[in-house]
Structures are given as structure tokens and as C-alpha cells.
Amino acid sequence: MDPSPPGPNAELIVAASEFAAAVKEFNGDPVKQRQLLKEADRLRILLETPMDVLMKQWEMSQCISAMNLLVELDVLEAIPKQGSISSKDLAEIVKVDESAIARALKLVVIFGICVEPAPNVFALNDNAFVFLKGAAREFFQFMIDQTGPFYKLPEYFRTHKQEDLYDLNKSPYAWAVGMEGVSYYDAISSDPRKLHNFNFTMATSEQVMPIMGMFPWASMKEQVEADTSRTFAVDIGGGRGQLLKAIQKEAPNGFGAKMILQDRPDVLAPLTAEDIPGIEKMSYDFFTPQPVKNAHLYLIRRVLHDFYIPVCKEIVKNTASAMGPTSRLIIADMIMPEKVEIGTEVTPYWMDFNLMMLNGTEKSKKQFEEILDVAGLEIVKIYPFAFGCHVNIECRLKTAASS
Ligand SMILES: C[S@@+](CC[C@H](N)C(=O)[O-])C[C@H]1O[C@@H](n2cnc3c(N)ncnc32)[C@H](O)[C@@H]1O
């Protein structure tokens, strides 16, 4: 069969048959599921007219606004976990006009969130459960918290010098929330709800950035067991210990050596020993020299992308100052593609745009090499994830032979 039939819909026909074939093979594998979603997006892009593109943005912005209303007024929380409820009864519980609730719910139902089994009667579905307390409600609120400042970006650029974007105390986010003069992290720390939502999001967003399936943590067993007086792993800026806890599954009990979680004091303070079993917490500012010397592993996940290159050089130099000849640094981040390819993962692009709000950016392999070089480090191996741009970059001190 001709793989590219002629005619105005040729590309669409090929994409649709490839998609149909891939769906037939689909067995529920999460990586395949992400690839299929991207192909479905590509099909949609091929079908859309320019006006459809604009309308999609309008529709999505309204859906997000409706969800914000339903989440913030606890409307979703008031819908029974099983069964259904009328908008009239919901209005009585949350003390908000019934039609406002029904209109917001109908809009999100059309986007697949909740169902309307009878007129003006609503029930939760699997998609709605994600927005409930204890699921990913904090992630949604974190997203909304970033959105207001996004809309102020034009005004930020109108009122700032170009170089201000690279100044840690002049981030677009801090400016937009009226806190110019402090860093992004100090700005979110000033509001307990924002700090909680940020840390919760980081601890639960494995779908945004996979943790496992790259560096083979179990392969460290022999080296660590041979010298358990050295710390096994130090996670620098590790949040609530999400990476170390995941590593414990492949490295039970840290192979008998210490596991240390480092972060800012207010991030670590709420964590109890039960939250991070077998992990020691240590307040540490990564703009100062690393105090844990000669560990087997130093981990920096999703931290370097929060900063531009000169700042990353400082952080990595502080880490390298503690490393011994067999210590390794594992950087978990994304490697930014050189050029956008339609139908590939969207995460690096939205993430990079989002990072602009806090003086950060995703980086290319060359940029990582530049950062490592000034710290006297070199790349040993890059471990890519099965899908997208996620990688673990294994690094060590340069040896006399390599430098
Ligand atoms: C984007 S989060 C990544 C968290 C975690 N590594 C992960 O991948 O989920 C960046 C982390 O760096 C921490 N951080 C920011 N500034 C810091 C500093 N000066 N010293 C230590 N940690 C810092 C933040 O509190 C936050 O937990």
C-alpha cells in the first residue's frame, strides 16, 4: 500500500492509520499511553482550522476558571464519593448561587471532569477524583497560583531591563506577587499555603517527571557495602524525600549506609521520621560548600533547571568540593531538544516557560557540560527515560587521564 496517499488529507490519513494500528497494539503500558496521547494531539493539530486553535484556548481557559471555582469553593468536595447530588442541594451546602454551580459543572463535564446523569444532577468520575483533597488538588492550586503572574509577564517586560530576567531577586513571579527583591523560593515561603502546595506538588508529580527507570540504583550495592562509613546518597534540594524514598525500593536500607535529605529548613521542618523512614534530614543551603564529604552519591533532581547557568555553576562547584574520586553526582533533569518536533512530549516546553517565572531554564547537553566543566566534573553516562527528554546524568570528578 502507498504509505502516503496523495490529496489534501494525505498526512491526516497516514497519521490516523498509524494511530489506529498503535491503538490495536496498546496493552495499557504507561509509556505507550503517553506516546498515543501525543499522536492523538498530532491528529487534532492536523484537523484544526486556525480558528479552532484560538477557540481551543478560549475553551480551555474557561474550563480552568470553572475548575478553580469548583475547587476553591469546595463544590467538588461536597459531591458524594458515590452516587450523585443536584446542583440545588450543592448550592445549599456551599452557600453559592445554584445556577453558578450548575453552569461551572456543566462546562467541566463537557471536558470529561464529573458526569451529569440527569439534568442538573452531578456525580464524580475518575477524572474528578484527581481534584479532591489528598489527591492532586494542591497541584491544581499551585498551577493557578502561577497563572496570575503569567498574565502579568507583558507588564514585567515593559517595566524591567532585559537583564532583570536573570537576577535572582527580580523574578517575574516575585514581582507579580508584589515581592520583588526576594528570590522565588523566599516568595513562596512567605505564604504557608503556597509553600505547602509547592512541596506537595513536587512530592507527587512523578507523571510530570519520572523518578525511576534511568540510573540503575541497585548497581551501587557492591561499592556501598564495601564502605558503609561513607554516606550512600545525599539528595540536595530533595524536597520531601520523594527521590530517596523511591531509591530505597531498589536499594533497601541504603545498602547499610546513610541516606541524607537536604533542603531549606522550612521545607524539612514538617517532615517526621515516619514520613521519611531510614532518611536523615539536614538543613542546607546549596549556595554554600557541601558539608557531607565523600558520599557515594550526590543527587540533584529538578534543581539546576530552576536556575540559569552562572548560578548552576555555583551549586555544582559547591557539590564537587565534597566529592571523592569514587563519588558520583547524578543530575536528574531534562535535556532540551534542539528544535520543536510536533507530536513529541510537550513537558520540556511548558516547563521551560514556567521556569522563566523563577529565573530558571531547561538546558541542552552542551550547557550541562559547560556547568560541569567549571566544577572539575565530567559526564560518565547519560541514562534516558523510555519516553520524552528525562535523563539521569552520571558525573564524576575529572581524572588526570581525562582532563
Ligand atoms: C523544583 S524543587 C525539586 C525538589 C526535588 N528535588 C524533586 O525533584 O522533587 C527545588 C527544591 O530546591 C529547594 N531549594 C531552593 N533553594 C534552595 C537552597 N538555597 N538550598 C537548598 N535547597 C533549596 C527547594 O526548597 C525545593 O525543594
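Residues numbered from 1 in each chain as written. Predicted model: local features only at pLDDT ≥ 70, side-chain atom pairs only at ≥ 80, totals over all residues. Heavy atoms only, no water.

- Under an unreviewed UniProt entry, the name given to the chain is O-methyltransferase, and the source organism is Lachnellula occidentalis.

1. Some thoughts on the UniProt feature "active site" (unreviewed entry) in the chain
Here is step 1: What UniProt calls "active site" (unreviewed entry) maps, in this numbering, to His-305.
Here is step 2: Within the secondary structure, His-305 is located in the loop between β7 (297-301) and α16 (309-320).
Here is step 3: In contact with His-305, other than residues within four places in its own chain, are Asp-333, Met-351, Leu-355, Gly-360, Thr-361, Glu-362 and Lys-363. (UniProt positions renumbered as here; feature names shortened; annotations may be inferred. Helix = DSSP H or I, 4+ residues; strand = E, 2+ residues; numbered from the N terminus. Contact = heavy atoms within 4.5 Å.)

2. Focus on the sheet that holds β7
Here is step 1: Within the open sheet, the seven strands sit side by side as β6-β5-β4-β7-β8-β10-β9. Their pairing is mixed. The strands lining the two open edges of the sheet, one partner per strand, are β6 (280-283) and β9 (377-384). With direction set aside, neighbouring strand axes in the sheet form an average angle of 20°.
Here is step 2: Pairing of strand β5 (residues 259-263) with β6, which is carried by four bridges, proceeds in the parallel orientation. By the bridge assignment, Leu-261 is partnered in β6 with Lys-281.
Here is step 3: Contacts between α16 and the sheet are confined to β4 (233-236), β7, β8 (328-334), β9 and β10 (390-397), with β7 contributing the most and set at about 165° to the helix. (Pairing = 2+ DSSP bridges. Axes fitted to C-alpha atoms, helices over the stretch in contact; angles between N-to-C directions.)

3. Here's the deal with the site of the ligand
Here is step 1: Every one of the 18 residues lining the ligand counts as a neighbour, but Gly-237, Gln-242, Asp-263, Arg-301 and Arg-302 are closest to it.
Here is step 2: Within the contact set of the ligand, a nitrogen atom lies 2.9 Å away from a side-chain nitrogen or oxygen of Asp-285.
Here is step 3: Contact distances for the ligand include 3.0 Å between a nitrogen atom and a backbone N or O atom of Phe-286.
Here is step 4: Protein contact buries 96% of the 590 Å² of open area that the ligand shows by itself.
Here is step 5: The class makeup of the residues in the shell around the ligand is eight nonpolar, four polar and six charged. (Near = heavy atom within 4 Å. Polar contact = N/O pair within 3.5 Å; in protein donor to acceptor, adjacent residues only side chain to side chain. Areas by Shrake-Rupley, 256 points an atom, 1.4 Å probe, with all protein chains shown as cover. Nonpolar A, V, L, I, M, F, W, Y, C, P; charged D, E, K, R; others polar.)

4. Overview of a negative patch on the surface
Here is step 1: A surface patch of like charges, here negative, comprises Asp-89, Glu-92, Asp-97 and Glu-98.
Here is step 2: Tracing the backbone through its elements, the reader meets Asp-97 in the loop between α5 (87-94) and α6 (98-110). (Patch = residues over 30% accessible without salt bridge, like charges linked within 9 Å, V, L, I, M, F, W, Y side chains within 5 Å. Salt bridge = Lys/Arg side-chain N within 4 Å of Asp/Glu carboxyl O. Lys, Arg positive; Asp, Glu negative; His and termini not counted. Charge placed at Lys NZ, Arg CZ, Asp CG, Glu CD.)

5. So, the packing of aromatic side chains
Here is step 1: Overall, the coordinates contain 16 aromatic pairs when judged by the stated rule.
Here is step 2: An aromatic cluster is built from Phe-142, Tyr-173, Tyr-184, Tyr-185 and Phe-198, whose rings are joined through pairwise contacts. (Phe/Tyr/Trp six-rings, centres within 6.5 Å; stacked < 30°, edge-to-face > 60°.)

6. Observations concerning the nonpolar core
Here is step 1: Formed by 31 residues in total, the largest nonpolar core has its most connected members in Tyr-298, Leu-304, Ile-315, Val-316, Leu-329, Ile-331 and Leu-377.
Here is step 2: Elements represented by at least two residues in this core include exactly β4, β7, α16, β8, α18 (365-374) and β10.
Here is step 3: For this core, the element with the most residues is α16, which contributes six residues.
Here is step 4: Once you skip the residues sitting within four places of it in the chain, Ile-331 turns out to touch Ile-300, Leu-304, Phe-368, Leu-372, Val-391, Asn-392, Ile-393 and Cys-395.
Here is step 5: Ile-211, Met-220, Val-224 and Met-259 belong to the second largest nonpolar core, which has 26 residues in total. (Core = buried A, V, L, I, M, F, W, Y, C linked by side-chain atoms within 4.5 Å. Buried < 20%, exposed > 50% of the residue type's maximum accessible area, 1.4 Å probe, protein only.)

7. Quick word on the sheet that holds strand β3 (residues 121-123)
Here is step 1: On the basis of which strands lie adjacent, the open sheet formed by three strands has the order β1-β3-β2 and antiparallel pairing. The open sheet terminates on both sides in strands that have one partner only, identified here as β1 (85-86) and β2 (115-118).
Here is step 2: Relative to β3, β1 is paired through two bridges, and the arrangement is antiparallel. The residue of β3 that forms the bridge with Ile-85 is Phe-122.
Here is step 3: Helix-sheet contacts for α6 involve β2 and β3, and the interaxial angle to β3 is about 50°.

8. Quick notes on the side chain of His-160
Here is step 1: Mapped onto the secondary structure, His-160 falls in the loop between α9 (153-159) and α10 (172-176).
Here is step 2: A residue is classified by how much of its surface remains accessible, and His-160, at 15% relative accessible area, is buried.
Here is step 3: Within polar-contact distance, the side chain of His-160 engages the backbone oxygen of Tyr-156 at 2.7 Å.
Here is step 4: A polar atom in the side chain of His-160 sits 3.0 Å from the side chain of Thr-159.
Here is step 5: Sequence-distant contacts of His-160, defined by excluding residues within four places in its chain, comprise Trp-175 and Glu-180.

9. Structural notes on the pattern of salt bridges
Here is step 1: All told, the structure shown has 18 salt bridges when counted by the stated rule.
Here is step 2: The salt bridge involving Lys-221 is made with Glu-225; its shortest N-O contact spans 3.2 Å. Of this pair, Lys-221 and Glu-225 both sit in helix α13 (residues 221-226), four residues apart, roughly one helical turn.
Here is step 3: Relative accessible area serves as the criterion here: at 41%, Lys-221 is assigned to the partly exposed category.
Here is step 4: A salt bridge links Lys-365 to Glu-369; its shortest N-O distance comes to 3.3 Å. With Lys-365 and Glu-369 both in helix α18 and four residues apart, this pair spans about one turn of that helix.
Here is step 5: Within the structure, one salt-bridge network assembled from shared partners comprises Arg-44, Glu-48 and Lys-56.

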